[in-house]
Structures are given as structure tokens and as C-alpha cells.
Amino acid sequence: MGTAAMGIENCTCRSEKTFAAFERERYNETVKVLRQEVKDLESENAYLNRIIKKLTKNKK
């Protein structure tokens, strides 16, 4: 209950996870999500560039 009211440092659980470990885990999860988003955007960008090249080829 302490976590809900005052943050992870007041957690009364019997977890072995420290505040630093908890923050590191959240950080790593966020980095993983953002890296995937960048990868998806790069893939979309490459796809769109191929479409643009095809369209400009046909125009000439």
C-alpha cells in the first residue's frame, strides 16, 4: 500500500528489487519500446522511398 500512496521507495512487499533495479527495469523497457518504434519508422521510410522512386521513374 505504501507504493500506491508514496512511491516505490515505501513499498512493503518482500521483493528483492531495489529502487535502482526497479528504475533500471522501467528504463530498459522504455528503451526497448522506443528502439522498436525507430525500427518500424525506418522500415516505413524505406518503403515510402521505394514508392517515390517508382513514381519518379515513371514520370520521366
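Here's a quick rundown of the structure.

About the thresholds
- Along each chain, residue indices are assigned from 1 in the same order as the chain's sequence is written.
- Thresholds applied to this predicted model are a pLDDT of at least 70 for local features of residues and 80 or more for the giving and counting of side-chain atom pairs; totals over whole chains, interfaces and linings are not thresholded and use all residues.
- The side-chain values count all of the structure's non-hydrogen atoms but skip hydrogen atoms and water molecules.
- The helix count covers DSSP runs of H or I at least four residues long, the strand count covers runs of E at least two residues long, and both are numbered beginning at the N terminus.
- Accessibility here uses a 1.4 Å probe with only protein chains present; expressed as a share of the type maximum, an area under 20% marks a residue as buried, one over 50% as exposed, and anything in between as partly exposed.
- Residue exposure ignores everything except the shown protein chains as possible cover, and the areas themselves are Shrake-Rupley values with a 1.4 Å probe.
- Without a salt bridge and with relative accessible area above 30%, a residue can belong to a patch; like charges are then joined within 9 Å and nonpolar side chains (Val, Leu, Ile, Met, Phe, Trp, Tyr) within 5 Å.
- Each reported salt bridge corresponds to a side-chain nitrogen of Lys or Arg within 4 Å of a carboxyl oxygen of Asp or Glu.

### A word on the overall build of the protein chain
A tally of helices and strands in the protein chain yields two helices and zero strands. With 60 residues in all, the protein chain has 2% of them scored as buried. Surface exposure of the protein chain reaches about 6000 Å², of which carbon and sulfur atoms provide 56%.

### Section: a nonpolar patch on the surface
A cluster of nonpolar residues, Y47, L48, I51 and L55, forms a patch on the protein surface that exposes about 380 Å² of accessible area. When you line up the elements, I51 lands in helix α2 (residues 19–59).

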